[in-house]
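Next come the chains, spelled out residue by residue.
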There are 2 protein chains.
Amino acid sequence: MASTDNCGFSDIESQSSKTLLEYEEILFQESVSEKFKNFTHAAHGMLYALDDRLVFGMFRQRAAILMQLRFDGILGFPGGLVDPGENPMEALNREMEEEINLDLTQHPFTNDNHLVTFLHHKKQLVLHFFTKEVSLDQFKNIELKSLNAKEYGLECFGSIRPPLFTMEDGFKGLPAFLSNQFAGNSREQLLYALKSRNIITSEEIATCVESMKRHVENNR
Amino acid sequence: MASTDNCGFSDIESQSSKTLLEYEEILFQESVSEKFKNFTHAAHGMLYALDDRLVFGMFRQRAAILMQLRFDGILGFPGGLVDPGENPMEALNREMEEEINLDLTQHPFTNDNHLVTFLHHKKQLVLHFFTKEVSLDQFKNIELKSLNAKEYGLECFGSIRPPLFTMEDGFKGLPAFLSNQFAGNSREQLLYALKSRNIITSEEIATCVESMKRHVENNR
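About the thresholds
Residues numbered from 1 in each chain as written. Chains lettered and ligands numbered in written order. Predicted model: local features only at pLDDT ≥ 70, side-chain atom pairs only at ≥ 80, totals over all residues. Heavy atoms only, no water. Helix = DSSP H or I, 4+ residues; strand = E, 2+ residues; numbered from the N terminus. Rg over C-alpha atoms; globule rule 2.2 N^0.38 Å. Buried < 20%, exposed > 50% of the residue type's maximum accessible area, 1.4 Å probe, protein only. Contact = heavy atoms within 4.5 Å. Areas by Shrake-Rupley, 256 points an atom, 1.4 Å probe, with all protein chains shown as cover. Axes fitted to C-alpha atoms, helices over the stretch in contact; angles between N-to-C directions. Parallel < 35°, antiparallel > 145°, perpendicular 65-115°, else oblique. Left-handed = near helix turned anticlockwise from the far one by under 90°. Nonpolar A, V, L, I, M, F, W, Y, C, P; charged D, E, K, R; others polar. UniProt positions renumbered as here; feature names shortened; annotations may be inferred. Salt bridge = Lys/Arg side-chain N within 4 Å of Asp/Glu carboxyl O. Polar contact = N/O pair within 3.5 Å; in protein donor to acceptor, adjacent residues only side chain to side chain. Pairing = 2+ DSSP bridges.

Trainee: An account of the overall build of chain A is needed here, citing residue identities and associated values.
Mentor: When you go through chain A residue by residue, the secondary structure sums to seven helices and nine strands. Here chain A has a C-alpha radius of gyration of 17 Å; the compact-globule value for 220 residues is 17 Å, and the two agree. Overall size of chain A, expressed as C-alpha extent along the three principal axes, is 50 × 35 × 30 Å. Taking all 220 residues of chain A together, the buried fraction comes to 57%. Long-range pairs, those at least 24 residues apart, make up 68% of the contacts in chain A with a sequence separation of at least 6. Element-wise, carbon and sulfur atoms account for 48% of the exposed surface of chain A, whose accessible area totals about 9,300 Å².

Below, the structure is given as structure tokens:
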């Protein structure tokens, strides 16, 4: 369940905003040990489907990924805090049902879906991140059902798919998407997943992050 | 059809980013005259429903407004370019059908829905903006149907509702939402509509814009 390979957070991180340098990758087993018992734990999940269609006949979309606009006006993955007595996976499944109306009899997250856990020492925060692949048809149904979730329009304000291509100007598409506001380290969770699930190469991710940073610099 | 009252773009504009100072309000009749015939024209629409529910039992949502995540990774209203031979309203209805699968037999935009037109002299760009109120039940159906639009997942990457409240920290909610990336002057179109449709007072809007600007400054 633990992610033991160094599959690239450090290089994403070093190119990203300074606050995110404060997150440290940690083994799952350690993160749920006594040592971090009094930390705040949260669990978030990425549902995705491979999608090889071309956008405008030119840009390969590669995957549909379910993210959302949150009640607080910023982007993130569905999920939330682990309640007392829950383990991270139980919390994730509960939140998935509340937030996106996920049918847990069909698409439950399991231990096998754990991708990575990050630790923020100063904030005493542990962020568990899971990914789960479904078919494109299943994805579309999940997305549609998400608009009937109990919390839709109250805690969830929209279901979105990040564009995963970069357009001719080198900014529109994924780099522009990444320059929006994200909750916690969900931007880095997305990049980590794109890389480790082999959806986008680390070279392409580095180029996107550079483009995003350049744009932010130029608009100061 | 023309918006003749000075209903507040100038004060929103003066508090917003510098690029938006380049947009100038213009009378609709003038904007579609011979003088601007060779300019690029676009038409966008805001569908909304009043929604007095409380979010977390505390924050009045006030209205559900349909915006979207675009293919290029940024936020905007459905709509698009006016094709040769079309008037702005025809273009808007065509785009609404393509992008959000709007049932034009039930919810067509008409001349009465015109709110404001902006001109960008340097870019030779004319932006027509329309708003249309529907019931909350109608809104939910429109939103659901939007996920079955022809262009969903290809040109539209998600249907979202901006949060219209501000949370305890003075930033989460509408100010945080406004700090995301927006297409054209759609952020200003949103603020203009919130004010002129009496959904939020100009004082509250000014406070939100100030909070957004302060946050952007602090994160440089």
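Trainee: Give a detailed account of the packing of helix α6 (residues 186–196) of chain B against helix α7 (residues 202–218) of chain B, specifying residues and quantitative values.
Mentor: All names here are of chain B. Between α6 and α7, whose axes approach to 9 Å, the crossing angle comes to 155 degrees. Comparing their axes, α7 and α6 come out roughly antiparallel. You can see that α6 and α7 cross each other, and the crossing is right-handed. Residue-level inspection shows R187, L191, L194 and K195 of α6 in contact with α7, the latter providing S202, I205, V209 and M212. Tallied by class, the residues present in the contact of α6 with α7 amount to five nonpolar, one polar and two charged.

Trainee: I'd like a rundown of the UniProt feature "domain: Nudix hydrolase" (unreviewed entry) in chain A, residues and numbers included.
Mentor: Following the UniProt record, the feature "domain: Nudix hydrolase" (unreviewed entry) maps to residues 38–178 of chain A here. Span residues 38–178 of chain A is 21% helix and 38% strand, its end C-alpha atoms 32 Å apart.

Trainee: So, the interface of chain B and chain A: which residues are in play, and what are the values?
Mentor: Reports of interface size often rely on the accessible area that becomes lost once the parts have come together. Residue-level contacts link 38 residues of chain B with 38 residues of chain A. The interface formed by chain B and chain A includes zero salt bridges. Summed over the shared surface of chain B and chain A, the result is 10 residue pairs in polar contact (both at pLDDT 80 or more). When contributions to the side of chain B that touches chain A are tallied by element, the ones reaching two or more residues are β2 (40–55), α4 (136–146), β9 (156–160) and α5 (174–178) of chain B.

Trainee: I'd like to hear about the pairing of β9 of chain B, residue by residue, with values.
Mentor: Of all the five residues making up β9 of chain B, five are buried; the element is thus mostly covered by neighbouring parts of the structure. Examined bridge by bridge, strand β9 (residues 156–160) of chain A and β9 of chain B share three bridges and lie antiparallel to one another. Residue pairing in the sheet places I160 of chain A in a bridge with G158 of chain B of β9 of chain B. Pairing analysis gives three bridges linking strand β4 (residues 67–70) of chain B to β9 of chain B, with the strands arranged antiparallel. Residue pairing in the sheet places R70 of chain B in a bridge with C156 of chain B of β9 of chain B.

Trainee: Talk me through the environment of M167 of chain A; I want residue IDs and the actual numbers.
Mentor: By the secondary structure assignment, M167 of chain A is in the loop between β9 and α5 (174–178). Spatially, the C-alpha atoms of M167 of chain A and G79 of chain A are 31 Å apart, while their sequence positions differ by 88 residues. Setting aside residues up to four positions removed in sequence, M167 of chain A forms contacts with F56, F59 and K172 of chain A together with F71 and D72 of chain B.

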